[in-house]
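Residues per chain, in single letters:
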Amino acid sequence: MEEVKEQVISLPRLGEPAPTFEAITTHGMLKLGDFKGSWLILFSHPADFTPVCTTEFIAFAEIYPELQKRGVELLGLSVDSVSSHIAWVRNIEEKTGIKIPFPIIADLSKEVSLAYGMIHPGQSKTETVRCVFVIDPNQIIRTILYYPLTTGRNMDEIVRIVDALQTRDKYTVATPANWRPGDMVIVPAPNTQEMAEERLKQGYECVDWYLCKKKP
Amino acid sequence: MACISPDGKPTESGTKMLRALKSGLRAPEEIAKSSGLPLFRVRSGLRELVQASLAIEKDGRYELTENGAKLIG
């Protein structure tokens with residue numbers, strides 16, 4: 001009987017260390033470890049010189065100053081060569097006046113794409129889908145977003161996620177649906193009956209013992 | 001290489017790092033602050049300078065080699 005071997009690739013998951021890499025980029029050879037101590041948004045796009053990706057790169061360049069204020073670096077990726085990336089970013093600057101200030105990985109070997117689960121054969125066997133990995137200063141994956149090839153990403157949401165994660169880390173709280181900086185945050189739910197009873201006396205704005213909010 | 005051009009000359013970012021090393025800065029964080037380059041660029045750039053024998057690294061601190069000092073003048 002013929003033995004069938006199947007390779008199981010484990011996809012990155014929230015709360016786990018981001019897969020390490022050393023990759024050729026438009027800013028030279030970079031390692032994941034080079035970003036240690038900073039927040040990092042690693043994102044993939046399907047291909048250079050394509051319309052949706054071009055609008056996204058312009059949009060990422062536009063939010064880059066806001067991200068930098070929050071200590072966040074950006075790192076793009078696609079299965080294109082570094083020459084293609086250089087030609088594309090130069091073309092974007094020539095046609096729109098917008099400079100792409102962040103590096104882009106040239107992942108021709110697909111090593112990084114596969115490690116991060118960026119290729120979804122149901123969408124394309126050769127291109128990366130629109131992934132976003134938010135990686136914290138300890139290089140732990142804190143958020144993963146996947147968008148299909150045909151849908152450009154929402155930059156406001158990416159900045160909002162960074163704000164929510166940084167608020168969580170600073171104040172040990174959670175953030176409710178549609179939360180924006182300055183809104184009330186959620187106090188972690190009590191773990192015991194005693195804590196639940198005390199919770200209602202602590203001056204928070206409570207719907208009930210398990211849903212209490214406060215100003216951060 | 002991002003710091004050294006194929007013709008062997010330092011790029012703008014390479015020059016900034018070499019100058020920072022010449023001024024006595026040793027830690028990547030200090031070099032990033034003085035040069036205005038992002039820390040990730042400084043870390044990768046210093047790695048390149050070491051590979052090109054223009055700098056040496058010991059315990060996470062960097063120094064120019066004789067070749068590095070000659071290149072920056």
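Residues numbered from 1 in each chain as written. Chains lettered and ligands numbered in written order. Predicted model: local features only at pLDDT ≥ 70, side-chain atom pairs only at ≥ 80, totals over all residues.

Engineer: Is there a simple way to think about the environment of Tyr147 of chain A in this case?
Structural biologist: All names here are of chain A. Residue position: Tyr147 is located in strand β7 (residues 141-147). With 18 C-beta atoms packed within 10 Å, Tyr147 lands in the partly exposed category. Residues Tyr147 and Val129 lie 18 residues apart in sequence; the distance between their C-alpha atoms is 6.6 Å. Those residues in contact with Tyr147 that sit more than four places away from it in its chain are Val129, Arg130 and Arg153. (Helix = DSSP H or I, 4+ residues; strand = E, 2+ residues; numbered from the N terminus. Buried ≥ 20, exposed ≤ 12 C-beta atoms within 10 Å, placed from the backbone. Contact = placed C-beta atoms within 7 Å.)

Engineer: Would you take a moment to explain the sheet that holds strand β10 (residues 211-214) of chain A for this structure?
Structural biologist: Backbone-to-backbone hydrogen bonds pair the strands of a sheet. The strands run either parallel or antiparallel. All names here are of chain A. Taken in spatial order, the three strands of this open sheet run β8-β10-β9, and their pairing is antiparallel. The open sheet has two edge strands with one neighbour each: β8 (185-187) and β9 (205-208). Neighbour to neighbour, the strand axes of the sheet diverge by 30° on average, direction disregarded. Two strands pair when backbone bridges link them, and β9 and β10 are joined in this way by three bridges, in the antiparallel orientation. Looking across to β10, one finds that Cys206 is bridged to Cys212. (Pairing = 2+ DSSP bridges. Axes fitted to C-alpha atoms, helices over the stretch in contact; angles between N-to-C directions.)

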